[in-house]
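Given next are the chains, with one letter for each unit.
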Amino acid sequence: MATPDNPTPVELENKAPKPAMPEETPAPKEQSMDIHPVHGPVHTVREFFVHLLIVTLGILIALSFEGLLEWRHHRSLVREARDNLALEIADNKKAIDDDLPRIAESEEALKHTISVVQNLKTPHYSPQGRLGSSLSLTSLHATAWDTANRSGAVSYMSYNEVRKYTELYGLQQVFLDVQHEAMAPIIELGGTATTIFSKDKKHISQQELDEIQRICNRSLVLEQTLENAAKQLSEAYHTGAEQ
């Protein structure tokens with residue numbers, strides 16, 4: 001039997017201090033801008049309008065502050081887009097300017113091949129120099145322009161600025177399309193010229209020579225178109241960088 005001097009095990013357990021449970025830390029709440037009206041009863045019409053004026057001013061100040069933050073965000077977005085576009089345009093202009101001499105060399109090689117074809121029937125004529133042509137692809141990028149469109153930065157630029165970039169990258173796409181089209185006859189000419197010019201001159205038929213000249217003429221037209229597009233694009237890059 002339990003006595004005050006000899007408590008039972010159950011009583012000892014109940015009297016033992018229980019460990020304190022750790023307090024839960026409340027999750028941080030998102031900060032928001034709240035506008036609270038002035039507390040207290042409104043006794044007169046004058047107090048009502050004073051309270052209304054205070055609430056209205058609070059709303060206007062909050063809207064102005066949020067508008068200022070949004071305006072600064074838009075400015076930062078446009079500034080970053082302009083910086084990226086300037087770097088991309090500079091890199092593309094360098095690639096075009098470096099490629100212009102190669103395009104001119106390709107045109108001269110095509111003209112020489114046409115001259116060889118026209119003179120192959122001349123007695124004792126032997127072809128001299130490099131025959132055929134070559135075309136290396138110029139890499140032009142539009143990543144900054146695509147990013148400016150996706151991020152919405154374009155919508156905060158002026159109309160004239162957007163038109164300038166649109167025309168510039170449109171002309172760039174024209175150059176890339178012509179460059180892609182010019183690859184086909186170059187590849188065709190390489191295979192055909194190698195096969196025909198490896199023969200003895202006596203065994204080259206007029207039909208084969210006509211075929212080479214046809215390919216060369218088509219390729220030359222595309223190369224000249226490509227050169228004109230490259231010059232226009234280089235000038236557009238230069239003008240766009242100055243603005």
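Treat the numbers as computed from the prediction; the structure is a model and nothing was measured.

Undergrad: What am I meant to see in the overall build of the protein here?
TA: Counting its regular elements, the protein contains five helices and zero strands. The order of helices and strands in the protein, counted from the N terminus, is α-α-α-α-α. Taken across its 243 residues, the protein has 29% of its residues classed as buried. Considering only residue pairs separated by 6 or more positions, the protein has 79% of its internal contacts joining residues 24 or more positions apart. By element, 57% of the accessible surface of the protein is carried by carbon and sulfur atoms, the whole surface being about 17,000 Å².

Undergrad: Help me understand the packing of aromatic side chains in this model?
TA: How two aromatic rings sit relative to each other is set out by the distance from centre to centre and by the angle between their planes. This structure, assessed with the given rule, holds two aromatic pairs. Plain terms: the ring middles of Trp-145 and Tyr-165 are 5.8 Å apart, the flat faces sit at 40° to each other, and that makes the pair tilted. You can see Trp-145 sitting in helix H3 (residues 143-151) and its partner Tyr-165 sitting in helix H4 (residues 159-197), a full 20 residues away along the chain. Tyr-165 shares its class with Trp-145; the two are buried.

Undergrad: What's the story with the pattern of salt bridges in this structure? I'm lost.
TA: If charged atoms from side chains of opposite charge come close, those side chains can pair. All chains considered together, the criterion is met by eight salt bridges. For Lys-93, the salt bridge goes to Asp-97, with nearest N and O atoms at 2.6 Å. You can see Lys-93 and its partner Asp-97 sitting in helix H2 (residues 45-119), four residues apart, about one turn around the helix. The salt bridge involving Lys-94 is made with Asp-98; its shortest N-O contact spans 3.0 Å. Placement of both Lys-94 and Asp-98 in helix H2 is noted, with a separation of four residues, approximately one turn of the helix. Of the two residues, Lys-94 and Asp-98, neither departs from the other in class, the shared state being exposed. Taken together, the shared-partner salt bridges in this structure form one network comprising Glu-188, Glu-211 and Arg-214.

Undergrad: Help me out: how do you make sense of H3 in this one?
TA: Along an α-helix, residues three or four apart share an orientation, since each turn contains 3.6 residues. Along H3, the positions that sit buried rather than exposed are Ala-144, Trp-145 and Ala-148. Down the axis, H3 shows its buried residues gathered within 100° of arc, on one side only. Of the exposed residues in H3, the ones pointing more than 90 degrees away from its buried face are Thr-143 and Arg-150. Two residues or fewer past H3, Gly-152 is found with a positive phi of approximately 90°.

Undergrad: How should I be thinking about the nonpolar core in this particular structure?
TA: Within soluble globular proteins, side chains that are nonpolar generally end up buried alongside one another. Membership of the largest hydrophobic core comes to 26 residues, with the highest contact counts inside it found for Leu-85, Ile-96, Met-157, Tyr-165, Phe-175, Leu-233 and Tyr-237. Counting only elements with at least two residues in this core, the list comes to H2, H3, H4 and helix H5 (206-242). By residue number, the principal contributor to this core is H2, which donates eight residues. Once residues lying within four places of it in the same chain are set aside, the contact partners of Tyr-237 are Ile-89, Asn-92, Lys-93, Ile-96, Leu-140, Leu-168 and Gln-172.

Undergrad: Sorry, what's going on with the side chain of Ser-219 here?
TA: Structurally, Ser-219 can be placed in helix H5. Discounting residues that sit within four places of it in the chain, Ser-219 has contacts with Leu-110, Pro-185 and Ile-186.

Undergrad: Where do I start with the confidence of the model for the protein in this structure?
TA: Keep in mind that low pLDDT regions are not for reading the predicted coordinates in detail. The predicted model of the protein has a mean per-residue pLDDT of 76, with 60% of residues at 70 or higher. Within the protein, the lowest mean pLDDT, 50, falls on helix H1 (residues 9-15), and the highest, 92, falls on H3.

Definitions and cut-offs
Residues numbered from 1 in each chain as written. Predicted model: local features only at pLDDT ≥ 70, side-chain atom pairs only at ≥ 80, totals over all residues. Heavy atoms only, no water. Helix = DSSP H or I, 4+ residues; strand = E, 2+ residues; numbered from the N terminus. Buried < 20%, exposed > 50% of the residue type's maximum accessible area, 1.4 Å probe, protein only. Contact = heavy atoms within 4.5 Å. Areas by Shrake-Rupley, 256 points an atom, 1.4 Å probe, with all protein chains shown as cover. Phe/Tyr/Trp six-rings, centres within 6.5 Å; stacked < 30°, edge-to-face > 60°. Salt bridge = Lys/Arg side-chain N within 4 Å of Asp/Glu carboxyl O. Arc of directions from axis to C-beta. Core = buried A, V, L, I, M, F, W, Y, C linked by side-chain atoms within 4.5 Å. pLDDT = per-residue confidence, 0-100.

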